[in-house]
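Next come the chains, spelled out residue by residue.
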Amino acid sequence: MTRLTSLPPAQAQRLAELECPDFKTRPWVTGPTLSKRRVAIVSSAGLVVRGENPFRGRDADYRAIPAVTKPEELLMSHISINFDRTGFQEDWNVAFPLDRLNELAADGMIGSVARTHYSFMGATDPVEMELQARELAGRLKQDQVDAVILSPV
Amino acid sequence: MSALGHYIEEEGIATVAISLIRPQTENTKPPRALWVPFELGRPFGPPNGPAFQKRVLLAALRLLEREDGPVIIEDFADDDPRGQPDPAWRPPQVPAAAAGSTAETLAARLEAEIPLLQGAHDRWLAQHGRTTVGLSAMPIIDCGRYVADWVRGKAPSSPRDGFSAILILRFAVDDLKAYYLEAGAAGAPKPSSRQVGDWFWNDTAVGAAIVELRAIGLASADERLKAVLGNFMVPAVRVAMMS
């Protein structure tokens, strides 16, 4: 079960035809080689650190996930039921590849890993998340992040 | 996801997105994206497949070094090796439903079933050291009781300040699903999501109760109840199988 053709036709059509923002600009930021980049994860899986309030629905805010967070402390509160959770249950790297990033940093493939990572709720209209996303960029800059891997579910 | 990348890149930070639904990515036109042919929910592929996951992550990150954008959308060629069923997997045993089930018998069966999964869930915890149960902040037995009361038509009040009864119901259902799917995958043979999902939805009382909650919601005159129970209980793929 890997492609849209594997889904019920109505669901596949809804996903394929989902209205997306029509941006008028095409931003493009360059930077140093990968081995000098500081990388952060921004997920849209509705991830929350255990003890914090889960996302309640189509919330537009985001949650911080400190890099010291342990796998047993991370929960997924995405409102959608139409994606697999068993992969994340077995191994958080399926949706939040922090261990893999740390390994790449240890191997010198990337420069370093951000001090904090972040999660939105992906079912929210992206236009409603614009202000929060731009504010988040400021926090990422404060952490010297110059590369973001965006992880959906 | 691609839209978030657009906003963050406009603020001066380079981004690369994993794409699970290629048409959406093609429409949004992010600076860089790597489409992966994996199941929704698995952007980096197989659980406990570190070498494979790292290949996906590196393939995405290397797009940051390209100079021929925007827009760059590349495809990851390999399928998730854990996407196929494991014939060696066996689900935990649960009592079968009796003929002529009523709301009360279903609710009682659900409450009796949850403790039967504890051994399997303990094995899961010992094996993996973590659980993703916890959104409701209620013990799993209480999650079962709360869902059972909804099946009985009691519409119990929320036990948690600041959370509506419907929201707690959704989180209790999420916790029960997580508990069962983790218990179902305890042990060495690892089922595909389809395999363990078949067991959950076809064989367990909790699965049947969640299907019943959806029916209760769709029949309700309360529009919020109808929306939440109708849309956020049973996955579309399971609804399609039932119809």
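Conventions adopted
- Residues numbered from 1 in each chain as written.
- Chains lettered and ligands numbered in written order.
- Predicted model: local features only at pLDDT ≥ 70, side-chain atom pairs only at ≥ 80, totals over all residues.
- Heavy atoms only, no water.
- Contact = heavy atoms within 4.5 Å.
- Buried area = accessible area lost by both parts, 1.4 Å probe.
- Salt bridge = Lys/Arg side-chain N within 4 Å of Asp/Glu carboxyl O.
- Polar contact = N/O pair within 3.5 Å; in protein donor to acceptor, adjacent residues only side chain to side chain.
- Helix = DSSP H or I, 4+ residues; strand = E, 2+ residues; numbered from the N terminus.
- Nonpolar A, V, L, I, M, F, W, Y, C, P; charged D, E, K, R; others polar.
- Pairing = 2+ DSSP bridges.
- Domains from an automatic or database assignment.
- Buried < 20%, exposed > 50% of the residue type's maximum accessible area, 1.4 Å probe, protein only.

## A closer look at the interface of chain B and chain A
For step 1, the next point in the chain: At the junction of the two partners, chain B supplies 90 residues and chain A supplies 82 residues.
For step 2, the next point in the chain: Across the chain B/chain A interface, buried area totals approximately 7,700 Å², and carbon plus sulfur atoms make up 64% of it.
For step 3, the next point in the chain: For Glu90 of chain A, the salt bridge goes to Arg82 of chain B, with nearest N and O atoms at 2.8 Å.
For step 4, the next point in the chain: Taken together, the connections running from chain B to chain A amount to 33 residue pairs in polar contact (both at pLDDT 80 or more).
For step 5, the next point in the chain: At eight residues, helix H1 (residues 2-10) of chain B tops the list of elements feeding residues into the side of chain B that touches chain A.
For step 6, the next point in the chain: Considering only residue class, the side of chain B that touches chain A consists of 47 nonpolar, 22 polar and 21 charged.
For step 7, the next point in the chain: Note: strand E7 (residues 147-151) of chain A against strand E1 (residues 14-19) of chain B, four bridges, orientation parallel. In the strand pairing of E1 of chain B, Ala147 of chain A is matched with Ala14 of chain B.

## Remarks on the domain arrangement of chain B
For step 1, the next point in the chain: When the domains of chain B are assigned, the result is domain 1 (2-75) and domain 2 (103-242).
For step 2, the next point in the chain: The straight-line distance from the C-alpha centre of domain 1 of chain B to that of domain 2 of chain B is 33 Å.

## Quick look at the pattern of salt bridges
Residues and elements named next belong to chain A.
For step 1, the next point in the chain: Within this structure, the stated rule accounts for 27 salt bridges over all chains.
For step 2, the next point in the chain: One salt bridge in this structure joins Arg134 and Glu130, with 2.9 Å as the shortest N-O distance. Here Arg134 pairs with Glu130, and both are found in helix H4 (residues 130-142), just four residues apart, close to one helical turn.
For step 3, the next point in the chain: Accessibility expressed as a relative area gives 21% for Arg134, which makes it partly exposed.

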